[in-house]
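Remarks on the overall topology
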Amino acid sequence: MFGELFHIEKVLEVCERILYFLKVNILFLLSNIPVLLFFLFVGITSVREYLPFFLLCLLPVGPAFSAVLFAMNRMLHGTETSAWKDYRTGYTDEFGKKIFLAAIQMVLLWIFWTNVEFFSFQMPFLPLMIFFFLLFAGTVLMTPNLYLLASRYQMAVKDYLRGAVLLTITKPILTFGNLVAAVFVLMLLEIKAGTVVLFMASIYGFLVVFMNQKVLRLLDEQAAGAEN
């Protein structure tokens, strides 16, 4: 009898975790209606043609992704309350800085990609084209680190950017891991789009938080040492 109750409790716990993933992901999607409308009415194939408008639609992703990472970190440590409360806390805390970080990142992406196209077609010059493409790729790759820091620490905007760049460069294995996690989620989306779209942000956020636990512990220790 007690064995059956134990198994039922485990099943209920798994169901609660699945619902938590689902609710956080739905909140993420609702927070990013502009980019969803872009995909619906303009189309993903037109991103390059309407790049400035697309990047503008991406602005809400910054605080929304921070909220997902905040919620997944709480769930990983067993300190979650409810999906709505955790997401709202992660979304609203330092919201101005998070949206400003997103704006800076979008502007950088626009500048770097414009230069890639300029030195590819308007005035072909391979070294500069490669240089700006690497800057563009680096700005994309630092995304998980940038919003992971924003979801966990209170710093100046320049410190978030500097920290994200340093983590991206000095922790290449984690950077590669974050990229593989994104590719993995995209593969799942291709295989089972109807189901995965309900969990993709939560799954990716959980993988990022899980893989970066060691780095976060080190940063927490450094922060505690600085306070002392």
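Structure shown above.
Throughout what follows, the structure given in this document is the object of discussion. (Residues numbered from 1 in each chain as written. Predicted model: local features only at pLDDT ≥ 70, side-chain atom pairs only at ≥ 80, totals over all residues. Heavy atoms only, no water.)

**Considerations on the nonpolar core**
Among the nonpolar cores identified, the biggest contains 41 residues, and V24, F28, M72, Y87, L101 and L146 are the most heavily contacted of them. Residue contributions to this core peak at 8 residues, all from helix 4 (residues 61-76). In this structure, M72 is in contact with Y20, F21, V24, S202, G205, F206 and V209, ignoring residues within four places of it in sequence. Formed by 10 residues, the second largest nonpolar core is a distinct cluster that contains F38, V47, F54 and M106. (Core = buried A, V, L, I, M, F, W, Y, C linked by side-chain atoms within 4.5 Å. Buried < 20%, exposed > 50% of the residue type's maximum accessible area, 1.4 Å probe, protein only. Helix = DSSP H or I, 4+ residues; strand = E, 2+ residues; numbered from the N terminus. Contact = heavy atoms within 4.5 Å.)

**Describing the pattern of salt bridges**
Counting across every chain of the model gives 5 salt bridges. Put simply, E117 and R48 hold a salt bridge, and the shortest N to O gap is 2.5 Å. With E117 in helix 6 (residues 95-122) and R48 in the loop between helix 2 (33-41) and helix 3 (51-57), the pair connects residues that are 69 residues apart, well separated along the chain. Notably, a salt bridge pairs D159 with R162, separated by 2.6 Å at the nearest N-O pair. (Salt bridge = Lys/Arg side-chain N within 4 Å of Asp/Glu carboxyl O.)

**Considerations on the environment of V35**
One can find V35 in helix 2. As a C-alpha pair, V35 and F54 span 19 residues in sequence and 7.1 Å in three-dimensional space. Excluding residues that lie within four positions of it along the chain, V35 makes contacts with F54, C57 and L58.

**Describing the packing of helix 4 against helix 8 (residues 143-152)**
Close contact between helix 4 and helix 8 brings their axes to 8 Å; oriented N to C, the two are set at 65°. As judged from the angle between their axes, helix 4 and helix 8 are roughly perpendicular. Crossing angle aside, the handedness with which helix 4 passes helix 8 is right-handed. Taking contact as the criterion, the partners of G62, F65, S66, L69, F70 and N73 in helix 4 are, on helix 8, T143, P144, Y147, L148, A150, S151 and R152. Class assignment of the residues belonging to the contact of helix 4 with helix 8 gives a composition of 7 nonpolar, 5 polar and 1 charged. (Axes fitted to C-alpha atoms, helices over the stretch in contact; angles between N-to-C directions. Parallel < 35°, antiparallel > 145°, perpendicular 65-115°, else oblique. Left-handed = near helix turned anticlockwise from the far one by under 90°. Nonpolar A, V, L, I, M, F, W, Y, C, P; charged D, E, K, R; others polar.)

**A short note on unusual backbone geometry**
Even without a glycine there, the phi angle at E94 is positive, about 55°. Its location among the elements puts E94 in the loop between helix 5 (83-92) and helix 6. Take E94: its relative accessible area is 24%, and that puts it in the partly exposed class.

**Description of the packing of aromatic side chains**
Taken as a whole and assessed by the stated rule, the structure comprises 14 aromatic pairs. Centroid distance F38 to F53: 5.8 Å. Interplanar angle 50°. Geometry classified as tilted. One end of the pair, F38, is in helix 2; the other, F53, is in helix 3, and 15 residues separate them in sequence. The buried category is assigned to F38, whose relative accessible area is 1%. (Phe/Tyr/Trp six-rings, centres within 6.5 Å; stacked < 30°, edge-to-face > 60°.)

**Observations concerning helix 6**
End to end, helix 6 covers 39 Å across 28 residues, agreeing with the expected 40 Å (1.5 Å per residue, within 8%). Along helix 6, the residues classified as buried are K98, L101, A102, I104, Q105, M106, L109, F112, V116 and F119. Buried residues belonging to helix 6 abut helix 3, helix 4, helix 5, helix 7 (126-141), helix 8 and helix 9 (157-170). (Expected span 1.5 Å × (residues − 1).)

**A short note on the side chain of N73**
Structurally, N73 can be placed in helix 4. Each residue touching N73, except ones within four places of it in the same chain, is listed here: R152, V209, Q213 and L216.

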